[in-house]
Amino acid sequence: MQRNFRMFCYQCAQAASGVACTDQGICGKSSTVARLQDNLKYVLMGISAYAYHARELGKSDSQIDSFLEEALYTVLTNVNFDAESLVELAIKAGKINLRVMQLLKDAHIQAYGEPVPTKVPTGTKKGKAIIVTGHGLKALEELLKQTEGMGINVYTHSEMLPAHGYPGLKKYPHLLGNLGGAWFDQRQLFAKYPAAILATSNCALVPRDEYRDRMFTTGTVRLPGVRHIEGYDFSPVIEAALSLPDLPEEPGEVFLTTGFSKGTVLSLAPKLKELVEAGRIQRFFLVGGCDSPTKRNEYYREFVRVLPENTVVLTLACGKFRINDLALGEIEGIPRLIDLGQCNDAIVAVEIARVLAELFGTKLEELPLSLILMWMEQKAVAILWSLLALGFRGIYLGPVLPPWANEEIARVLTEKYGVRLIRDPQVDLAAILD
């Protein structure tokens, strides 16, 4: 406990001096309070990321800004010593995160149109190339404008895959396809292809020497030895792409389908109701989140592989790459695997859940819907509290509990909110379907 206290209560003068803290240090703050404050910091980082991208597209919300001020002040040294109020503030943060995700989704739709289901190739065509990674659709749009008619092919990576579903982005014929999977494959992927690389947001890794001189950052991203682009003049990226060898002609083995939106699901609502009432669809599963390069995360692919054929899987965020190449087929025209988009598109999952609840005349928490989530970074923590704020219970989370969750916090998450750790796919599925 002493080690954990020093780790999380880094502002404590006693801990900073190297003197061992007890569970109740010189500041009087318990390790549980310190950890709950850390949790809130993670959530605020996630909210801020979404708000940043919304502001890029001209959207802001004074209520969101006001909450950020309140919450940041609350985690200031020796301000709040009450664990219960910090849990309540985390729930409030979850509600604010729903608001900011909706703000960003509305900004994306206003700028680029509502996404439509789109099959995205995963191979390369011969020619000059730029690979875009991150979450910044605004940066991608500006790059596409500047590369029109230049003979440069633009490929997405990781959380940029959903860009292919937006009419305002897919209209560019040189937006060709998606390379690679989740964020953590980039060092191998970027070294493999002689392309210029643009990182637009978080989830960018310190580059290997093989491609450092042809990588660029924009927005908030800064990487050692990598040239940063202020604003949206991507001339240096374009010049680098033109100076590099052509990518080879290598067709991909699969197409990835993305671009399912609230509007698309609404159009399917009558059929969904018919299939559920007839027992042709037994249950919906949301399987996704922020992936991590751990063997334990193989759980999610195996979980989907053992699902009964009368189930439908919703997926989003970079966790989708664990399962989005699986051929799950359809149920009378309804795809069994539905990719909703980026991590911020968790709001689309919420919208769909609300549509289903209205359709079946039930509450959100009573829907035949199970949430099987993975987490890695700040936005995933923010989304977890959003789901708890909405009343969802029985969430399966993995591969491990967040580091801010000590035994006391874990007990509250389990007993009050029904959060449980993933175990074995077969065991968890049996418990859900029991």
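Reading the values: rules and limits
- Residues numbered from 1 in each chain as written.
- Predicted model: local features only at pLDDT ≥ 70, side-chain atom pairs only at ≥ 80, totals over all residues.
- Heavy atoms only, no water.
- Helix = DSSP H or I, 4+ residues; strand = E, 2+ residues; numbered from the N terminus.
- Pairing = 2+ DSSP bridges.
- Contact = heavy atoms within 4.5 Å.
- Axes fitted to C-alpha atoms, helices over the stretch in contact; angles between N-to-C directions.
- Buried < 20%, exposed > 50% of the residue type's maximum accessible area, 1.4 Å probe, protein only.

K.L.:
Break down the environment of Ser 60 for me, with residues and values.
P.N.:
Tracing the chain through its elements places Ser 60 in the loop between helix H3 (31-56) and helix H4 (62-74). Sequence spacing of Ser 60 and Pro 425 is 365 residues, and the spatial spacing of their C-alpha atoms is 41 Å.

K.L.:
Could you give an account of the sheet that holds strand E14 (residues 369-374), with specific residues and numbers?
P.N.:
With parallel pairing, the six strands of this open sheet are ordered in space as E13-E10-E9-E14-E15-E16. Looking along the sheet, the strands with just one partner apiece sit at the ends: strand E13 (337-339) and strand E16 (420-421). Pairing analysis gives three bridges linking strand E10 (residues 311-315) to E13, with the strands arranged parallel. Note on E13: the bridge partner recorded for Leu 314 is Ile 338. Seen against the sheet, helix H11 (residues 298-305) touches strand E9 (283-289), E10, E14 and strand E15 (396-398) and runs at an angle of roughly 155 degrees to E14.

K.L.:
Which residues make up the pairing of strand E8 (residues 255-258), and what are the values?
P.N.:
Only one face of E8 is buried, namely the one carrying Leu 256 and Thr 258, since none of Phe 255 and Thr 257 on the opposite face is buried. Here four bridges tie strand E1 (residues 118-121) to E8, and the two strands are oriented antiparallel to one another. Paired with Val 120 across the bridge in E8 is Leu 256.

K.L.:
Which residues make up unusual backbone geometry, and what values do they have?
P.N.:
The omega torsion of the bond from Gly 398 to Pro 399 falls at 5 degrees, within 30 degrees of zero and hence cis. Here Pro 399 is to be found in the loop between E15 and helix H14 (407-417). Positive phi is not limited to glycine here, since Cys 203 has a value of about 75 degrees. For Cys 203, the position within the fold is in the loop between strand E5 (196-199) and strand E6 (215-218). With relative accessibility at 22%, the residue Cys 203 sits in the partly exposed group. Phi angles above zero are rare outside glycine, and Glu 332 is one such case at about 50 degrees. Within the secondary structure, Glu 332 sits in the loop between strand E11 (330-331) and strand E12 (334-335). Given the relative accessible area of 44%, Glu 332 is considered partly exposed.

Read these as spatial facts, not as claims about activity.
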